[in-house]
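The primary structure of each chain is shown beneath.
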2 protein chains.
Amino acid sequence: MSGEFPRQLHLNINALHSGFVPSAWRVPGADPRAFIDVDHYVRLAQTAERACLDAIFLADNAAISDQLDMRPITALEPTLLLTSIAAATTHIGLIATASTSYNEPYNIARRFATLDLVSKGRAGWNIVTTADLPSARNFGLDAVPDHAQRYARADEFASLVKALWNSWEDDAFIADKASGRFVDLGKLHPAAHRGRFFGVQGALNLPRSAQGHPVLVQAGASGDGRDLAARHAEAVFSASQSFDESRAYREDLNARAARYGRGPNAVKVLAGLTTIIGATETEALRRRDELVDLIPWRYSLNRLAGTLGVPVDSLSPDKRLPDDLPLPNNGNGNHTFFNATLAQARAHGYTVRELVRALAGGGGHRVIVGTPEQVADDIAHWFENGAADGFNLMPDVLPDGLEAFTEGVVPILQRRGIFRRAYEGDTLRSHFGLGKPAGHAAAREAA
Amino acid sequence: MSGEFPRQLHLNINALHSGFVPSAWRVPGADPRAFIDVDHYVRLAQTAERACLDAIFLADNAAISDQLDMRPITALEPTLLLTSIAAATTHIGLIATASTSYNEPYNIARRFATLDLVSKGRAGWNIVTTADLPSARNFGLDAVPDHAQRYARADEFASLVKALWNSWEDDAFIADKASGRFVDLGKLHPAAHRGRFFGVQGALNLPRSAQGHPVLVQAGASGDGRDLAARHAEAVFSASQSFDESRAYREDLNARAARYGRGPNAVKVLAGLTTIIGATETEALRRRDELVDLIPWRYSLNRLAGTLGVPVDSLSPDKRLPDDLPLPNNGNGNHTFFNATLAQARAHGYTVRELVRALAGGGGHRVIVGTPEQVADDIAHWFENGAADGFNLMPDVLPDGLEAFTEGVVPILQRRGIFRRAYEGDTLRSHFGLGKPAGHAAAREAA
């Protein structure tokens, strides 16, 4: 068996509509309708599959929560989009985000189990608790539920979804035409759950898939988030800004997972990474500057002011941020990520304009600007020295930023022997090196 | 333009896993895994599309609510299944069932809008309130909410979903690269709704589709159900047992719709119809008997006893039902349908065994057993004399019962000039002869 040694890198494409940079839709050749074009997403997945990437990852938000007057947003429902992609691909994993705050466990268990069956074992669920106010206001609330409550609900939700996914023993489905026995109901295990947030009595109405059940993904950054990841997640999408921060995060997560009785490397850490690639470093920097110059200033200032919690008038593009401005901290992971960049800006004495440029107009994910070799070196350094098990790639512009990666960076990683040249299995679990979850029969034997 | 005259028949295929008859999975050649096989559903849709049927219709239930030990159930989530089908077809409409009792309006509006965009205007939503106890128990309840409350919630839910689907004016999406303006937020109309059951503040995060928005479908049988259909539905799936009952139902529905200010024929009535087709009537009857004989007696008796609300021991296969047995009436439309068959059984003095045979093991939808000519005659009679605008077809066994219909019955209907030989449009609305809903700009001009 291959795949045991050497340790292999994992790469997801985070297919953010026109690309990570808010101006991506404005570049020559870009189709502004990409955010509502299923064929755009299908082509991205096919490009990623040709390069043997682990998975396509889709974010989600059930609201208009960015400045839609100036840029596209996450719009199409991701489990449906991935079902379209499943029909047009054969191997690549399919990870969709869905909120535990604005859904019901039975519905989510069933929708992801359907995706897992339809794709023959390629589904993953990215668990989010959803921290934005516009979403809360679309689901009967006037304010975002507090952090601890969101995470308590997410924990109960995820446990229930796993119980539902495992509610059929693998030999429960008989389908014996002669006797007329279809399913052995004695091998179904109803959830029989009454908890703080949910009551679910029945078993799922679907058997398990080729990979057992979907892979659980999470993006825990706060303490509660890390604990949720340590308990449930098999892969995390992190947003560490620096090598040291990422290595410390990975070690902390593994330590927390161990406290829940999970083995070493039970949770794969995939760091978020935006790439802006050019044939030379100068070309890459020019590309970055051109993209940033296409972002309306009003957009960047609104976003920065909103994140900092200050009036937009208080920010002057050519002045530094006030030194006494408190860093935002509402316990939300995204702001934690943002703070790192802000601290970096202070250390370097950036003006507001320079800070916006360093963020590439984004919300704080790490950005590498450089040649394919520079990107590959950075990835290999993090991977080989314990800062990450892989990366959740957010190319600047799609599809061409992805093509620059698959054509330029992937071959270098393959030559280094840290990334596959062909898929070794057919399921997302096989790509991530995860075993098939035991399910009920084995659990009972072990008990 | 064609399609105005003569009036055209509408035909949906209700793709019930292995087929309507509970023993369908046991016939030679049937694949018992069909209920979880996306390719099975894709092939059904392709067969239906070759015959120019209006739509594929998928039922739904978020629970195990039939005797799964002896037969398949509705299992895969239907909006995902239809997304797979959208990728493999070009014209046929795609109608999925979703419950207003166990979902949130923003999620449903968004999922169906996604299906509508992905399929380029072919989606429909079948609104159900979900009356079974196992479903209630999967969503935190100990009992099914009462009929009036379910329908009040459904009414508010459907109004909200329509408001969300219409929240973008058709020219709100600008995408002007030069100016950097993406969407004109002044042409978005947030739901701004605080009601009895729901609060939804925002606009949908998606623009309208090629057909405006998905077609609304319903299956109202009770008074509340008919009012919901009269207010919101553009097509109803009825379960009338007789010509007279169906004509009276259609007239009643049109009269109710008129009271809501809707024009004549605003609601297309599609009658549920199970077909058991043979080259001769004798062959068809033999096929019926063979299928019924394959249904375990325990299944049929449990089902009959459950519907009647009597202990299973009280039913003797070779005796008539007690004359003093009250007909079940809990206000649920399905029982109304069942009652008609039961009354017919009494009139003819059927034994329990004969009653089960007349039901073809099912729950009371009308069954025609006969040759293609007999089926076509029956359909034409109902259609031409005002008892139905079309039919929701539930073939005995799938796929071959559908093939018997498309190869045998459809050509006869085409020769009679009441069914299309080619699609005249690309959207579900065009197949149903429905206009594009006005949306917000036109609504304001009219005000």
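Note that residues are indexed from 1 along each chain, following the sequence as it is written. Chains carry letters and ligands carry numbers; both start at the beginning, A for chains and 1 for ligands, and go up in the order they are written. For this predicted model, a pLDDT threshold of at least 70 governs which residues receive local features, and a threshold of 80 or more governs which side-chain atom pairs are given and counted, while totals over whole chains, interfaces and linings are taken from all residues. As a rule here, side-chain values come from all non-hydrogen atoms in the structure, and water together with hydrogens is ignored.

**What about the overall build of chain A?**
Right, on to step 1. Under the DSSP-based scheme used, a helix requires at least four consecutive residues in state H or I and a strand at least two consecutive residues in state E, with every element numbered from the N terminus. For chain A, the helix and strand inventory stands at 15 helices and 13 strands.
Right, on to step 2. The globule rule used for comparison is 2.2 Å times the number of residues to the exponent 0.38, while the radius of gyration itself is calculated over C-alpha atoms. Relative to a compact globule of 447 residues, whose C-alpha radius of gyration would be 22 Å, chain A shows 22 Å and is just as compact.
Right, on to step 3. Its C-alpha atoms give chain A principal-axis dimensions of roughly 80 × 50 × 40 Å.
Right, on to step 4. With a 1.4 Å probe rolled over the protein chains alone, any residue whose accessible area is under 20% of its type maximum counts as buried; one over 50% counts as exposed, and the rest are partly exposed. When each of the 447 residues of chain A is scored for burial, the buried share is 62%.
Right, on to step 5. Residues are treated as being in contact if the distance between any of their heavy atoms lies within 4.5 Å. Within chain A, contacts between residues separated by at least 24 positions form 78% of all contacts whose residues are at least 6 apart in sequence.
Right, on to step 6. In the form shown here, chain A has an accessible surface area of approximately 16,300 Å², with 49% of it arising from carbon and sulfur atoms.
Right, on to step 7. Counted charges follow a simple rule, with Lys and Arg positive, Asp and Glu negative, and His plus the chain ends left uncounted. The atom standing in for a charge is NZ when the residue is Lys, CZ when it is Arg, CG when it is Asp and CD when it is Glu. Across chain A, the centroid of the 46 positively charged side chains sits 3 Å from that of the 51 negatively charged ones. Note on areas: these come from Shrake-Rupley sampling with a 1.4 Å probe, and a residue is covered only by the protein chains present in the view.

**What about the UniProt feature "binding site: FMN" (unreviewed entry) in chain A?**
Right, on to step 1. UniProt positions are given in the numbering used here, feature names are shortened, and annotations may be inferred rather than shown by experiment. Following the UniProt record, the feature "binding site: FMN" (unreviewed entry) maps to A:Asp60, A:Thr97, A:His147, A:Tyr151 and A:Ser222 here.
Right, on to step 2. For A:Asp60, the location among the structural elements is in the loop between β2 (55-58) and α2 (78-88).
Right, on to step 3. With sequence-adjacent residues up to four places away left out, A:Asp60 is seen in contact with A:Thr74, A:Pro78, A:Thr97 and B:Arg110.
Right, on to step 4. Whenever two N or O atoms come within 3.5 Å, that pair is a polar contact, provided that in protein one can donate a hydrogen and the other can accept it, and provided that, for residues adjacent in sequence, both atoms are side-chain atoms. There is a polar contact of 2.5 Å between the side chain of A:Asp60 and the side chain of B:Arg110.
Right, on to step 5. Relative to the helices and strands, A:Ser222 resides in the loop between β9 (215-218) and α6 (223-232).

**Focus: the interface of chain A and chain B**
Right, on to step 1. Taken together, the contact pairs 73 residues of chain A with 74 residues of chain B.
Right, on to step 2. Here chain A packs against chain B, burying approximately 5,800 Å² in sum over the two surfaces, 62% of which is carbon and sulfur.
Right, on to step 3. The rule for a salt bridge is simple: a side-chain nitrogen of Lys or Arg has to be within 4 Å of a carboxyl oxygen of Asp or Glu. Along the contact surface separating chain A from chain B lie 4 salt bridges.
Right, on to step 4. A salt bridge links B:Asp60 to A:Arg110; the nearest nitrogen and oxygen atoms lie 2.6 Å apart. Here the quantity called buried area is the total loss of accessible area, with a 1.4 Å probe, experienced by two parts when brought into contact, counted for both.

**What to know about the side chain of A:Arg110**
Right, on to step 1. Of note, A:Arg110 is situated in helix α3 (residues 105-118).
Right, on to step 2. Taking the relative accessible area as the measure of exposure, A:Arg110 reaches 3% and is therefore buried.
Right, on to step 3. One polar contact links the side chain of A:Arg110 to the main-chain carbonyl oxygen of B:Leu76, over a distance of 3.4 Å.
Right, on to step 4. Sequence-distant contacts of A:Arg110, that is, excluding residues within four places in its chain, are made with A:Leu204, A:Asn205, A:Leu206, B:Asp60, B:Asn61, B:Ala62, B:Ala75, B:Leu76, B:Glu77 and B:Pro78.

**Quick notes on the packing of α6(A) against helix α7 (residues 243-259) of chain A**
Residues and elements named next belong to chain A.
Right, on to step 1. Here, axes are lines fitted to C-alpha atoms. For helices the fit covers the stretch in contact, and angles between N-to-C directions go from 0 to 180 degrees. Direction vectors running N to C along α6 and α7 enclose 60°, while the axes themselves pass 8 Å from each other. Relative to α7, the element α6 lies oblique. For the pair α6 and α7, the sense of crossing is right-handed. Residue-level contacts link Gly223, Arg226, Asp227, Ala229 and Ala230 of α6 to Tyr249, Asp252, Leu253, Arg256 and Ala257 of α7.
Right, on to step 2. Residue classes in the contact of α6 with α7 are distributed as 5 nonpolar, 1 polar and 4 charged. If an angle is under 35 degrees, it is roughly parallel; if it is over 145, roughly antiparallel; if it lies from 65 to 115, roughly perpendicular; otherwise it is oblique. Left-handed is the label given to a crossing in which the near helix is rotated counterclockwise from the far helix by less than a right angle, and right-handed is the label when the rotation is clockwise. For this classification, the nonpolar set comprises Ala, Val, Leu, Ile, Met, Phe, Trp, Tyr, Cys and Pro, the charged set comprises Asp, Glu, Lys and Arg, and every other residue, Gly included, is treated as polar.

**Overview of the pairing of strand β2 (residues 55-58) of chain B**
Residue and element names in this part refer to chain B.
Right, on to step 1. Here β2 shows a buried face lined by Ala55 and Phe57 and a second buried face lined by Ile56 and Leu58.
Right, on to step 2. Across 3 bridges, the pairing between strand β1 (residues 10-14) and β2 is parallel. Across the sheet, Asn14 pairs through a bridge with Phe57, a residue of β2.
Right, on to step 3. Place the viewer so that the strands point away; then a crossover is right-handed whenever the path from the first strand over the helix to the second strand goes clockwise. On the question of chirality, the crossover connecting β1 to the parallel β2 by way of helix α1 (residues 38-50) is right-handed.
Right, on to step 4. Paired strands are those between which DSSP finds at least two bridges. Across 4 bridges, the pairing between β2 and strand β3 (residues 93-99) is parallel. Counted as the bridge partner of Ile56 is Leu94 from β3.
Right, on to step 5. Remark: the β2/helix α2 (residues 78-88)/β3 crossover connection has right-handed handedness.

**Notes on the packing of α2(A) against helix α3 (residues 105-118) of chain B**
Right, on to step 1. Across the interface, α2(A) lies against α3(B) with an axial gap of 9 Å and an inter-helix angle of 30°. Here α2(A) is positioned roughly parallel relative to α3(B), judged by the angle of their axes. Of the residues in α3(B), those in contact with A:Pro78, A:Leu80 and A:Ser84 of α2(A) are B:Arg110, B:Arg111, B:Thr114, B:Leu115 and B:Val118.
Right, on to step 2. A breakdown of the residues in the contact of α2(A) with α3(B) according to their chemical character gives 4 nonpolar, 2 polar and 2 charged.

**A look at the nonpolar core**
Right, on to step 1. Among buried residues, the Ala, Val, Leu, Ile, Met, Phe, Trp, Tyr and Cys ones that are joined through side-chain atoms within 4.5 Å form a nonpolar core. Core analysis: the biggest nonpolar cluster contains 188 residues, and A:Leu53 and B:Leu53 have the highest contact counts within it.
Right, on to step 2. When near neighbours in sequence (up to four residues on either side) are disregarded, B:Leu53 contacts B:Leu11, B:Asn12, B:Ile13, B:Ala48, B:Ile92, B:Leu393, B:Leu402, B:Val410, B:Phe419, B:Arg420 and B:Tyr423.

**Let's talk about the relation of the copies chain A and chain B**
Right, on to step 1. Each copy superposes on the other: chain A lies on chain B with an RMSD of 0.0 Å after a rotation of 180° and an axial shift of 0.0 Å. Read as a symmetry element, the transformation amounts to a two-fold axis.
Right, on to step 2. Of the interface residues in chain A, 100% have counterparts in chain B that sit at the interface too, so the contact is made through matching surfaces. Copies overlap after least-squares fitting; the atoms used are the C-alpha atoms of residues with pLDDT of at least 70 in both.

**Here's the deal with the pattern of salt bridges**
Right, on to step 1. This structure, assessed with the given rule, holds 48 salt bridges over all chains.
Right, on to step 2. The partner of A:Arg194 in a salt bridge is B:Asp142, and the shortest N-O contact between them spans 3.1 Å. Of this pair, A:Arg194 sits in strand β7 (residues 193-194) while B:Asp142 sits in the loop between α4 (133-137) and α5 (147-165), each in a different chain.
Right, on to step 3. Look at B:Asp142 and you get exposed, because its relative accessible area is 54%.
Right, on to step 4. Between A:Asp252 and A:Arg226 there is a salt bridge; the shortest N-O distance is 2.9 Å. Of the two residues, A:Asp252 is situated in helix α7 and A:Arg226 in helix α6; the sequence distance between them amounts to 26 residues.

**Quick word on α3(A)**
Residues and elements named next belong to chain A.
Right, on to step 1. The span you would expect from a helix comes to 1.5 Å times its residue count less one. End to end, α3 covers 20 Å across 14 residues, agreeing with the expected 20 Å (1.5 Å per residue, within 8%).
Right, on to step 2. Within α3, 14 of the 14 residues are buried, which leaves the element mostly enclosed by the surrounding structure.
Right, on to step 3. Phi turns positive, to about 60°, at Lys120, one or two residues after α3.

**Quick look at unusual backbone geometry**
Residues and elements named next belong to chain A.
Right, on to step 1. Here the amide bond leading from Leu398 into Pro399 is cis, since omega sits at 10°, within 30 degrees of zero.
Right, on to step 2. With respect to the helices and strands, Pro399 occurs in the loop between β13 (390-393) and α13 (400-415).
Right, on to step 3. Unusually for a residue other than glycine, Thr130 sits at a positive phi of about 65°.
Right, on to step 4. Under the relative-accessibility criterion, Thr130 is labelled buried at 11%.

**Some remarks on the domain arrangement of chain A**
Right, on to step 1. Assigned domains within chain A: domain 1 (10-280 + 366-446) and domain 2 (296-360).
Right, on to step 2. The source of the domain bounds is an automatic or database domain assignment. Distance from the C-alpha centre of domain 1 of chain A to the C-alpha centre of domain 2 of chain A: 29 Å.

**Looking at the environment of B:Leu11**
Residues and elements named next belong to chain B.
Right, on to step 1. Looking at the element boundaries, Leu11 is found in strand β1.
Right, on to step 2. C-alpha of Leu11 to C-alpha of Glu283: the two residues are 272 residues apart in sequence and 25 Å apart in space.
Right, on to step 3. In this structure Leu11 touches Leu53, Asp54, Ala55, Phe391, Leu393, Phe405, Leu413 and Phe419, once residues within four positions along its chain are discounted.

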